[in-house]
Amino acid sequence: MMLARASTRHSRTFSTATQAVGFIGLGNMGSRMAPNLIKNGHQVVGFDVSSQAVDELVQAGGTAASCPAEVAAQATTIITMLPNPALVKHVFYGEDGIFSTSLPDTMFIDSSTIDPTTCKEVSASAAENGNSVFLDAPVSGGVGGAEAGTLTFMVGAESDEVFARAGDVLSSMGKNIVRCGGVGTGQVAKMCNNLALAISMIGTSEAMLLGKASGMDPKVLADIMNTSTARCWSSDTYNPCPGVMEGVPSSRGYEGGFGVDLMLKDLGLATDASKLVRQPLPMAGLAQQLYALTSAHGNGHKDFGAIFEFLEKQK
């Protein structure tokens, strides 16, 4: 169902600074992405429900906003990085939302991981609000890539011209900027990527658990896997077995990474999409159930590599 056109404007006013880049959503990813915009010479005005996250942005050289509407009144480029489709809709359409004060010809870049249908709905509303444009630009690379400014952006844009317009901002936060097609196709690419990632993390965890239970040194096993055909991102960059790698969530109790509940949400997007196109995804369904069990045992907030810990406890 298409959402109603968001044409109502609030009577409240905010100061305007149209060269600023707005950033809404300063969580694990956004809090690391926004400072890279500042480092690359952009003025950034940000909002998050966490006042601490906003304070950290200010300390990095950004400006605080009290709500999405205040961000929208000050920027003609606005990036959103939010956990789910419902929050994306709320931030755009809600009271004190973006569309209540957005300026003409604003470029909206949504880096959340959501469904393609929501992207198309928001894109249509953006066009009706001052002939603005919307791009879906989900990311891959994790919190490390966000901090280092080496993210991959999978971009859905209606034209090469719109894609080019976003280039300077996206290249301030990422290394690989790829146009996947029209609006929504960035989310298709991200959905497929995270589907494969979710499954590979389970496979890596099972292999590491089997080796460990059979008496093998996990570090030695990981080295062998990473120079053999089992090599993948889950094994060589983000290994879920504690003690194998430093600086990854498994080395700190699975804190501070990509949450189990977020991965579960992404798998839900994939399985929902599979029903629409009648594409069987048996491994996705099994992975979804395993992450759901992990979450049900109180691990939803932990990094998705905690599937290793969950499976180890099933012995």
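The structure presented is a predicted model; accordingly, all values stated were derived computationally and were not measured. Counting restarts for each chain: residues are numbered from 1 in the order of the written sequence. In keeping with the predicted nature of the model, local features appear solely for residues at pLDDT of at least 70, side-chain atom pairs appear and are counted solely at 80 or more, and the whole-chain, interface and lining totals rest on all residues. Working from all heavy atoms in the structure, the side-chain values ignore hydrogens and water.

The subject of this paragraph is the overall build of the protein. In terms of regular secondary structure, the protein is built from 13 helices and nine strands. Both definitions apply: the radius of gyration is a C-alpha atom measure, and the globule rule equals 2.2 Å times residues to the power 0.38. By the compact-globule yardstick of 20 Å for 315 residues, the protein fits well, its C-alpha radius of gyration being 20 Å. Based on the C-alpha atoms only, the size of the protein along its principal axes is roughly 65 × 45 × 35 Å. Burial status follows relative accessibility: with a 1.4 Å probe on protein chains alone, a residue under 20% of its type maximum counts as buried, one over 50% as exposed, and anything between as partly exposed. Here the protein, with 315 residues, has 53% of them falling under the buried criterion. In this analysis, two residues are considered to be in contact whenever any of their non-hydrogen atoms come within 4.5 Å of each other. Sequence separation of at least 24 residues holds for 67% of the intrachain contacts in the protein that already meet a minimum separation of 6. A 1.4 Å probe and the Shrake-Rupley method give the accessible areas. Residues count as covered only by the protein chains that appear here. Here the protein has roughly 14,100 Å² of accessible surface; of this, 54% comes from carbon and sulfur atoms. Secondary structure elements follow DSSP: runs of H or I no shorter than four residues count as helices, runs of E no shorter than two count as strands, and numbering proceeds from the N terminus.

Here the focus is the side chain of Gln-187. As for its placement among the helices and strands, Gln-187 is situated in helix α8 (residues 185–213). By relative accessible area, which is 1% here, Gln-187 ends up buried. Leave out the neighbours within four places in its chain, and Gln-187 touches Asp-110, Ser-112, Thr-113, Ile-114, Pro-116, Cys-119, Asp-136 and Pro-138.

Next up on the list: the confidence of the model for the protein. A score between 0 and 100, pLDDT records how confident the predictor is in each residue. Chain-level statistics for the protein give a pLDDT mean of 93 and a share of 94% at 70 or above. The low-confidence segment residues 1–17, where pLDDT is below 50, has 37 contacts with residues more than four positions distant or belonging to other chains.

Now for a nonpolar patch on the surface. A surface patch of nonpolar side chains, about 220 Å² in accessible area, is lined by Met-216, Val-220 and Ile-224. Relative to the helices and strands, Ile-224 resides in helix α9 (residues 218–225). For patch detection, residues must exceed 30% relative accessible area and be free of salt bridges, and they are connected within 9 Å for like charges or within 5 Å for nonpolar side chains (Val, Leu, Ile, Met, Phe, Trp, Tyr). Take a side-chain nitrogen of Lys or Arg and a carboxyl oxygen of Asp or Glu: if they are within 4 Å of each other, that pair is a salt bridge.

Turning our eyes to something else, we now look at the packing of aromatic side chains. Note on aromatic pairs: the rings of Phe, Tyr and Trp (six-membered ring only in Trp) are paired at centre separations within 6.5 Å, and the planes decide the class, stacked below 30 degrees, edge-to-face beyond 60, tilted for the rest. With the rule as written, the count across this model stands at eight aromatic pairs. Measuring from ring centre to ring centre gives 5.6 Å for Phe-99 and Phe-108, while their planes differ by 90°; the resulting arrangement is edge-to-face. For the pair Phe-99 and Phe-108, a shared accessibility class is recorded, and that class is buried. Here the aromatic rings of Phe-258 and Phe-304 are separated by 6.0 Å at their centres, their planes lie at 80°, and the arrangement is edge-to-face. Within this pair, whereas Phe-258 is found in the loop between α10 (233–236) and α11 (260–277), its partner Phe-304 is found in the loop between α12 (282–299) and α13 (307–312), the two being separated by 46 residues in sequence.

This next bit is on the pattern of salt bridges. For the structure on display, the rule yields nine salt bridges. Linking Lys-89 and Glu-121 is a salt bridge whose minimum nitrogen-to-oxygen distance equals 3.6 Å. Separated by 32 residues along the polypeptide, Lys-89 in helix α4 (residues 85–93) and Glu-121 in helix α5 (residues 116–128) bring together distant segments of the chain. The exposure class of Lys-89 is partly exposed, given its relative accessible area of 29%. A residue is classified by how much of its surface remains accessible, and Glu-121, at 5% relative accessible area, is buried. The salt bridge involving Asp-105 is made with Arg-165; its shortest N-O contact spans 3.3 Å. Residue Asp-105 is found in the loop between α4 and β5 (107–110), and its partner Arg-165 is found in helix α7 (residues 160–171); the two are separated by 60 residues along the sequence. For Asp-105, a relative accessible area of 41% translates into the label partly exposed. Overall, the relative accessible area of 33% leaves Arg-165 in the partly exposed class.

With that settled, the discussion passes to the packing of α4 against α5. Remark: α4 packs on α5, axes separated minimally by 11 Å, with the N-to-C direction vectors making an angle of 10°. Our classification of the angle between α4 and α5 gives roughly parallel. Where α4 approaches α5, its residues Pro-85, Lys-89, Phe-92 and Tyr-93 are matched on the opposing element by Thr-118, Glu-121, Val-122 and Ser-125. Of the residues assigned to the contact of α4 with α5, the class counts are four nonpolar, two polar and two charged. In this description, a line fitted to the C-alpha atoms serves as the axis of each element, helices being fitted only across the stretch in contact, and the angle between N-to-C directions of two axes falls anywhere from 0 to 180 degrees. Roughly parallel here means an angle under 35 degrees, roughly antiparallel means over 145, roughly perpendicular means 65 to 115, and every remaining angle is called oblique. Amino acids are sorted into nonpolar (Ala, Val, Leu, Ile, Met, Phe, Trp, Tyr, Cys and Pro), charged (Asp, Glu, Lys and Arg) and polar (every other residue, Gly among them).

Among the six residues in strand β4 (residues 75–80), five count as buried, and that is most of the element. Paired strands, as defined in this entry, are two strands with at least two bridges between them according to DSSP. Where strand β1 (residues 20–24) lies against β4, five bridges are found, and the strand directions are parallel. Bridged to Val-21 within β4 is Thr-77. Pairing between β4 and β5: four bridges, direction parallel. What sits directly across from Ile-79, in β5, is Ile-109.

A general tendency of soluble globular proteins is for nonpolar side chains to be buried together. Nine residue types can take part in a nonpolar core, namely buried Ala, Val, Leu, Ile, Met, Phe, Trp, Tyr and Cys, and a core is a set of them joined through side-chain atoms within 4.5 Å. Core analysis: the largest hydrophobic core is formed by 32 residues, its most contacted members being Phe-23, Met-33, Ile-109, Phe-153 and Met-173. Mapped by element, the contributors of at least two residues to this core are β1, α1 (30–39), α2 (51–59), β5, β6 (133–136), α6 (142–148), β8 (151–156) and α7. Of the residues forming this core, the biggest block, five residues, is contributed by α7. The residues touching Phe-23, leaving out its near neighbours within four places in the chain, are Gly-30, Met-33, Ala-34, Leu-37, Val-44, Val-45, Gly-46, Phe-47, Val-71, Ile-79, Met-81 and Met-173.

Moving on, we come to the side chain of Lys-190. Positionally, Lys-190 belongs in helix α8. We call two N or O atoms a polar contact when they sit within 3.5 Å, provided that within protein one can donate a hydrogen and the other can accept it, with sequence-adjacent residues counted only if both atoms are side-chain atoms. From its side chain, Lys-190 meets the backbone oxygen of Val-139 in a polar contact 2.9 Å long. Not counting residues up to four positions away in its chain, the partners in contact with Lys-190 are Thr-113, Pro-138, Val-139 and Met-154.

On to the packing of α8 against α9, then. It is the contact of α8 with α9, at a shortest axis distance of 9 Å, that shows an interaxial angle of 135°. In this view, α8 runs oblique relative to α9, as classed from their interaxial angle. Here α8 and α9 pass one another in a crossing that is right-handed. Together, Thr-204, Ala-207, Met-208, Gly-211 and Lys-212 of α8 and Pro-218, Leu-221, Ala-222 and Met-225 of α9 make up the contact between the two elements. Put simply, a crossing is left-handed when the front helix is turned counterclockwise from the back one by less than a right angle, and right-handed when it is turned clockwise.

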